Amino acid sequence: MDQISLHSMDEQYMRMAMDQACIAEENGDVPIGCVIVHANRVIAKAYNQREQLHDPTAHAEIIALTQAAEAIGNWRLVGCTIYVTLEPCPMCAGALVLGRLDRLVYGTDDPKTGAVKSLYNIVQDSRLNHRLEVTAGVLAEPCASQLSGFFARRRLEQ
C-alpha cells in the first residue's frame, strides 16, 4: 500500500475514533475514542467509560482490546492497528505491547500522561518483548480541539 492511501485510511479510521470520543463526551466522560482494524476491517470500537462504569481501567483502548481479542478469538492481536484520539497512557501503552498489536496510530500528544512520546516510549522500548510501529499526529488538531473544548466546558460548569 502506498503512503497516500495509507494516510487517507489512517484519517478515515481516526474519524471513526473521534466519533467514539463524542459518545464518551455525551456520557460525561473525557472524549477519547478508539478503533481497532484487522485485515482492513474494523473489529473493535470503544470510548472512555470510566465515569459510566466507575472503573479507572475503562479507557477506550482497554475496552477495544477486549473486543478485538473476542472478535479474532485470540489475545495476540497480530496484524492489528489501533487508532486512538489521544496518546496512550502507561497502562494502555503496556496493554498494547502485551496484546502484540502491529501498529499504533494516535491523534494528539498527551504531555501529562503520554507513554508513547511525551513522557515515555513504552511501545517501542527495546527491553520489552514486543514493539509497535507508531504514527503520531493523525488529525492532531481536531483531536486536540475535541479534548480542549470538553475541558473548557467543564471549567465553565464549575
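Counting restarts for each chain: residues are numbered from 1 in the order of the written sequence. Given that this is a predicted model, residues contribute local features only at a pLDDT of at least 70 and side-chain atom pairs are listed and counted only at 80 or more, while totals for whole chains, interfaces and linings are drawn from all residues. Working from all heavy atoms in the structure, the side-chain values ignore hydrogens and water.

### Regarding the packing of aromatic side chains
Then, number 1: Aromatic contacts are taken between Phe, Tyr and Trp rings whose centres are within 6.5 Å, Trp giving its six-membered ring; a plane angle under 30 degrees counts as stacked, one over 60 as edge-to-face, and the others as tilted. Evaluated as defined, the whole model comprises 2 aromatic pairs.
Then, number 2: Note on Tyr 13 and Tyr 83: the rings are 5.2 Å apart at their centroids and 45° apart in plane angle, and the pair reads as tilted. In this pair, Tyr 13 sits in helix α1 (residues 3-26) while Tyr 83 sits in strand β3 (residues 80-86), placing the two residues 70 residues apart along the sequence.
Then, number 3: Assessed through its relative accessible area of 6%, Tyr 13 is described here as buried.
Then, number 4: Summarising the aromatic geometry, the rings of Phe 150 and Phe 151 are spaced 5.1 Å apart at their centres and angled 75° between planes, so their arrangement reads as edge-to-face. Secondary structure is summarised from DSSP: a helix means a run of H or I of at least four residues, a strand means a run of E of at least two, and numbering begins at the N terminus for each. For every residue, the accessible area obtained with a 1.4 Å probe (protein chains only) is divided by the maximum for its type, and the residue is called buried under 20%, exposed over 50%, and partly exposed between those limits.

### Some points on the pairing of β3
Then, number 1: Of all the 7 residues making up β3, 7 are buried; the element is thus mostly covered by neighbouring parts of the structure.
Then, number 2: Of the strand pairs in this sheet, strand β1 (residues 33-38) and β3 are connected by 5 bridges, and their pairing is antiparallel. Following the sheet pairing, Cys 34 is matched in β3 by Val 84.
Then, number 3: In the classification by handedness, the crossover that spans β3, the intervening helix α4 (residues 90-98) and the parallel strand β4 (residues 103-108) is right-handed. Strand pairing is defined by DSSP finding a minimum of two bridges between the two strands. A crossover counts as right-handed when, viewed with the strands pointing away from the observer, the path leading from the first strand over the helix to the second turns clockwise.

### A short note on the sheet that holds β1
Then, number 1: Spatially, β2-β1-β3-β4-β5 is the arrangement adopted by the 5 strands of the open sheet, whose pairing is mixed. Only two strands of the sheet have a single neighbouring strand rather than two, namely β2 (41-47) and β5 (133-136). In this sheet, adjacent strand axes meet at a mean angle of 15° when their direction is disregarded.
Then, number 2: Inspection of the sheet shows β4 paired to β5 by 4 bridges, in the parallel sense. The axes are straight lines fitted to the C-alpha atoms, using for helices just the contacting stretch, and the angles between their N-to-C directions are given from 0 to 180°.

### Structural notes on the packing of helix α3 (residues 60-72) against α4
Then, number 1: One way to put it is that α3 packs onto α4 with a least axis distance of 9 Å and a crossing angle of 25°. Judged by the angle between their axes, α3 and α4 are roughly parallel. Crossing geometry of α3 relative to α4 is assigned as left-handed. Touching Glu 61, Ile 62 and Leu 65 of α3 are Met 91, Cys 92, Ala 95 and Leu 96, all from α4. Here the angle decides the label: under 35 degrees means roughly parallel, over 145 means roughly antiparallel, 65 to 115 means roughly perpendicular, and every other value means oblique. Should the near helix be turned counterclockwise from the far one by less than a right angle, the crossing is left-handed, whereas a clockwise turn marks it as right-handed. Note on contacts: a residue pair is in contact if any heavy atoms of the two residues lie within 4.5 Å.

### Remarks on the state of the cysteines
Then, number 1: For the purposes of this analysis, a disulfide is any pair of cysteine sulfur atoms at a distance within 2.5 Å. For the structure shown, the criterion picks out 0 disulfides.
Then, number 2: In this model Cys 34 remains outside any disulfide bridge; the closest cysteine sulfur is found in Cys 92, 8.3 Å from its own.
Then, number 3: Residue Cys 34 is classed as buried on the basis of its relative accessible area, which comes to 0%.
Then, number 4: Among the cysteines around Cys 89, which has no disulfide bond, Cys 92 carries the closest sulfur, lying 3.7 Å off.

### With respect to the nonpolar core
Then, number 1: Put simply, a nonpolar core is a bunch of buried Ala, Val, Leu, Ile, Met, Phe, Trp, Tyr and Cys residues held in one set by side-chain atoms that sit within 4.5 Å of each other. In this structure, Ile 36, Leu 96, Leu 101, Leu 104 and Val 123 are the most contacted members of the largest nonpolar core, which totals 31 residues.
Then, number 2: At the level of secondary structure, the elements contributing two or more residues to this core comprise β1, β2, α3, β3, α4, β4 and α5 (140-157).
Then, number 3: No other element matches the 5 residues that α3 contributes to this core.
Then, number 4: In this structure, Tyr 13, Tyr 83, Leu 139 and Cys 143 belong to the second largest nonpolar core, which totals 12 residues.

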